[in-house]
Amino acid sequence: DTAVSQTPKYLVTQMGNDKSIKCEQNLGHDTMYWYKQDSKKFLKIMFSYNNKELIINETVPNRFSPKSPDKAHLNLHINSLELGDSAVYFCASSQEYRLSVNTEAFFGQGTRLTVV
Amino acid sequence: DQQVKQNSPSLSVQEGRISILNCDYTNSMFDYFLWYKKYPAEGPTFLISISSIKDKNEDGRFTVFLNKSAKHLSLHIVPSQPGDSAVYFCAASGAGANNLFFGTGTRLTVIP
């Protein structure tokens, strides 16, 4: 039973399109995240939500809009896709807002987005 | 500005031997460090962590060492097994923070 699940796993789309990636966690966690892994394998946070409220927005273009309908879901909508958006996007969740030795983040399997 | 660095992109080790993966960081405010393991087409999975108040944490075959003065941590795997072959990411977080800063990963290959 997958703890953090993302759909789709692969997404190929043309420049200019709008697409969404869905994420669901069944761990009962309060905090969810989106991370982006670029072509250089650099994994970097984009957003974090705690109890459906936006906590972190790390200099991400306005074309990226996260939406948290409830604590178990954090979807990522991307408008007007650009070539540079091609990356692997990881959803994650943690029990609490503050990470510590008792509160690690659990990651989904990733969504490989390719913009052509 | 990459605050967590893993300077070795790859490492090969014979089965049964020790694997040592290294990580350096620049931000002295980091107080929580983790190692994640990642298989192809899967997300990172948590492996082991250490608080800045400790210099060592051990969990089975995995031990993480922290040298705060050198801003360096390492992951030791003893003995290494073929199933350990994966990409290992070092990550760090500051006190009270909820985002992780990741290194670029080291691909470990354990040769049978």
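These lines cover the structure that appears in this document, whether it is placed above or below.

Definitions and cut-offs
- Residues numbered from 1 in each chain as written.
- Chains lettered and ligands numbered in written order.
- Predicted model: local features only at pLDDT ≥ 70, side-chain atom pairs only at ≥ 80, totals over all residues.
- Heavy atoms only, no water.
- Patch = residues over 30% accessible without salt bridge, like charges linked within 9 Å, V, L, I, M, F, W, Y side chains within 5 Å.
- Areas by Shrake-Rupley, 256 points an atom, 1.4 Å probe, with all protein chains shown as cover.
- Salt bridge = Lys/Arg side-chain N within 4 Å of Asp/Glu carboxyl O.
- Helix = DSSP H or I, 4+ residues; strand = E, 2+ residues; numbered from the N terminus.
- Disulfide = S-S within 2.5 Å.
- Buried < 20%, exposed > 50% of the residue type's maximum accessible area, 1.4 Å probe, protein only.
- Pairing = 2+ DSSP bridges.
- Phe/Tyr/Trp six-rings, centres within 6.5 Å; stacked < 30°, edge-to-face > 60°.
- Core = buried A, V, L, I, M, F, W, Y, C linked by side-chain atoms within 4.5 Å.
- Contact = heavy atoms within 4.5 Å.

**Focus: a nonpolar patch on the surface**
Here's step 1: On the surface, a nonpolar cluster with roughly 230 Å² of combined accessible area is contributed by B:Ile18, B:Ile20 and B:Val78.
Here's step 2: Mapping B:Ile20 onto the fold places it in strand β3 (residues 19-25).

**Some words on the state of the cysteines**
Here's step 1: Within this structure, the stated rule accounts for 2 disulfides over all chains.
Here's step 2: Each disulfide pairs two cysteine sulfurs, and for A:Cys23 the partner residue is A:Cys91, the sulfurs being separated by 1.8 Å. Linking A:Cys23 and A:Cys91, the disulfide has an S-S dihedral of approximately -80 degrees and is accordingly described as left-handed. Pair noted here: A:Cys23 is in strand β3 (residues 19-25) and A:Cys91 is in strand β9 (residues 87-94), with a separation of 68 residues, a long-range link. A:Cys91 carries the same exposure label as A:Cys23, and that label is buried.
Here's step 3: Disulfide pairing is shown between B:Cys23 and B:Cys90; the S-S distance is 2.0 Å. Here the disulfide of B:Cys23 and B:Cys90 is left-handed, its torsion about the S-S bond being about -75 degrees. With B:Cys23 in strand β3 and B:Cys90 in strand β9 (residues 86-94), this pair connects stretches of sequence that are 67 residues apart.
Here's step 4: You can call B:Cys23 buried: its relative accessible area is 0%.

**A look at the sheet that holds strand β8 (residues 72-77) of chain B**
Here's step 1: Read across the sheet, 5 strands follow the order β1-β3-β8-β7-β6 (chain B) without closing on themselves; strand pairing throughout is antiparallel. Two strands bound the open sheet, and with one partner strand each, they are β1 (4-5) and β6 (56-59) of chain B.

**Observations concerning the packing of aromatic side chains**
Here's step 1: Per the stated rule, a full pass over the model turns up 14 aromatic pairs over all chains.
Here's step 2: Ring geometry for B:Tyr36 and B:Phe46: centres 6.0 Å apart, planes at 75 degrees, overall edge-to-face. With B:Tyr36 in strand β4 (residues 30-38) and B:Phe46 in strand β5 (residues 45-51), this pair connects stretches of sequence that are 10 residues apart.
Here's step 3: In this structure B:Phe46 comes out as partly exposed when scored by relative accessible area, which is 28%.
Here's step 4: Seen in terms of ring centroids, B:Tyr36 and B:Phe102 are 5.8 Å apart; in terms of plane orientation they differ by 50 degrees. Their pairing is tilted. Of this pair, B:Tyr36 sits in strand β4 while B:Phe102 sits in strand β10 (residues 101-102), and the two are 66 residues apart along the sequence. Per residue, the accessibility class of B:Tyr36 equals that of B:Phe102, and both read buried.
Here's step 5: Chaining the aromatic ring pairs together yields one cluster made of A:Tyr33, A:Tyr35, A:Phe90, A:Phe107, B:Tyr36, B:Phe46, B:Phe89 and B:Phe102.

**Concerning the nonpolar core**
All names here are of chain B.
Here's step 1: Ranked by internal contacts, the top residues of the largest apolar core, which has 23 residues, are Phe33, Trp35, Leu73, Leu75 and Tyr88.
Here's step 2: Every element with two or more residues in this core is listed here: β3, β4, β5, β7 (62-67), β8, β9 and β11 (106-111).
Here's step 3: It is β9 that contributes the most residues to this core, 4 residues altogether.
Here's step 4: Here Tyr88 is in contact with Gln6, Leu21, Trp35, Tyr36, Lys37, Leu47, Leu75, Ile77, Gly105, Thr106 and Leu108, once residues within four sequence places are set aside.

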